[in-house]
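Analysis of the macromolecular model
Listed here are the chains, written in short residue letters.
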Amino acid sequence: MPRIVVETLIDASREEVFNLARNIDFHTKSAAHTKEKAIAGKVSGLIELGESVTWKARHFGVWQTLESKITEFDFPNSFVDEMQRGAFKSFKHIHIFEEENGQTKMIDVFEYVSPCGLLGKLADILFLKSYMIKFLTRRNEIMKDEIENNIMS
């Protein structure tokens, strides 16, 4: 199972970073390059424990639908979303928030299993893992900019 870890240091409180990380409207904005849109479940605002969201987005030139659910929630320390339906065989995205010298270290741990057995493993090696690292890093850079420059306020 591939495991990706992305760390981002943000000049804001854990509560602010935690809430922006679970904000459906912000996620839509941060994933605009994939035309990602919440189409079912929780489609706006802050997602909570037990709630699901269904996303429609364009990845690799193909429209995909993905449903994820918040399965763990410990405000403002961590939350976990797990795929319920979608292109992956499975995924678990662990969001961790730690205080560090007056800032917040946001740690994304993304564990997934690609579909299609051996072909999926080959896709991981060739492009999928690097694509997911870039996707998460880009989202986190947008989040950092959003919070530190008070864009959404």
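Above this text is the structure in question.
Described below are features of the structure shown in this document. Quantities reported herein were computed from a predicted structural model and do not represent experimental measurements.

With that out of the way, let us pick up the nonpolar core. Counting 29 residues, the largest nonpolar core has V17, F88, F110 and M143 as the members making the most contacts within it. Among the elements that make up this core, the one with the highest residue count is helix α3 (residues 117-148) (5 residues). Once residues within four sequence positions are removed from consideration, F88 is found in contact with M83, F110, Y112, V113, P115, L128 and M132.

Moving on: α3. Where α3 bends most, the angle comes to about 65°, and this point is D124. Listed as buried for α3 are G120, A123, D124, L128, M132, F135, L136, R139, N140, M143, E146 and I147. In this fold, the buried residues of α3 make contact with β1 (3-10), α1 (14-21), α2 (24-30), β3 (52-59), β6 (90-100) and β7 (103-113). N150 lies just past α3 and shows a positive phi near 50°.

So, about the side chain of K105. Structurally, K105 is set in strand β7. Note on K105: relative accessible area 17%, which makes it buried. One polar contact links K105 to E100, side chain to side chain, over a distance of 3.3 Å. When residues no more than four places from it in sequence are discounted, the contact partners of K105 are E7, T8, L9, I96, F97, E98 and E100.

Right, let's talk about the sheet that holds strand β2 (residues 37-41) for a bit. Reading across from one edge, β1-β7-β6-β5-β4-β3-β2 is the order of the 7 strands in this open sheet, with antiparallel pairing throughout. Each having just a single partner strand, β1 and β2 make up the two edges of the open sheet. This sheet shows a mean twist of 25° between the axes of neighbouring strands, independent of strand direction. Relative to β6, strand β5 (residues 78-85) runs antiparallel, the two sharing 5 bridges. Across the sheet, the residue bridging to V80 is I94, located in β6. In the packing of α1 onto the sheet, the strands contacted are β1, β4 (62-74), β5, β6 and β7, and the crossing angle to β6 comes to about 160°. Sheet contacts for α3: β1, β3, β6 and β7; angle to β1, the most-contacted strand, approximately 15°.

Attention shifts here to the pattern of salt bridges. Tallying each qualifying case throughout the model produces 8 salt bridges. When the shortest N-O distance is used, the salt bridge between K105 and E7 registers 3.7 Å. You can see K105 sitting in strand β7 and its partner E7 sitting in strand β1, a full 98 residues away along the chain. Residue K105 pairs with E100 through a salt bridge whose shortest N-O separation is 3.3 Å. Taking the relative accessible area as the measure of exposure, E100 reaches 30% and is therefore partly exposed.

Using the criterion set out here, one finds 12 aromatic pairs in the structure. Relative to F79, the ring of F18 lies with its centre 5.3 Å away and its plane at 75°, an arrangement referred to as edge-to-face. You can see F18 sitting in helix α1 and its partner F79 sitting in strand β5, a full 61 residues away along the chain. The class of F79 is buried, set by a relative accessible area of 2%. Judged by centre distance (5.3 Å) and plane angle (70°), the rings of F60 and F127 are edge-to-face. With F60 in the loop between β3 and β4 and F127 in helix α3, this pair connects stretches of sequence that are 67 residues apart. Taking the relative accessible area as the measure of exposure, F127 reaches 37% and is therefore partly exposed. Lying across the ring of W63, K56 places its NZ or CZ 5.4 Å from the centre.

Cut-offs applied
Residues numbered from 1 in each chain as written. Predicted model: local features only at pLDDT ≥ 70, side-chain atom pairs only at ≥ 80, totals over all residues. Heavy atoms only, no water. Core = buried A, V, L, I, M, F, W, Y, C linked by side-chain atoms within 4.5 Å. Buried < 20%, exposed > 50% of the residue type's maximum accessible area, 1.4 Å probe, protein only. Helix = DSSP H or I, 4+ residues; strand = E, 2+ residues; numbered from the N terminus. Contact = heavy atoms within 4.5 Å. Bend = angle between axes of the 7 residues up to and from the residue. Polar contact = N/O pair within 3.5 Å; in protein donor to acceptor, adjacent residues only side chain to side chain. Pairing = 2+ DSSP bridges. Axes fitted to C-alpha atoms, helices over the stretch in contact; angles between N-to-C directions. Salt bridge = Lys/Arg side-chain N within 4 Å of Asp/Glu carboxyl O. Phe/Tyr/Trp six-rings, centres within 6.5 Å; stacked < 30°, edge-to-face > 60°. Lys NZ or Arg CZ within 6 Å of the ring centre and 35° of its normal.

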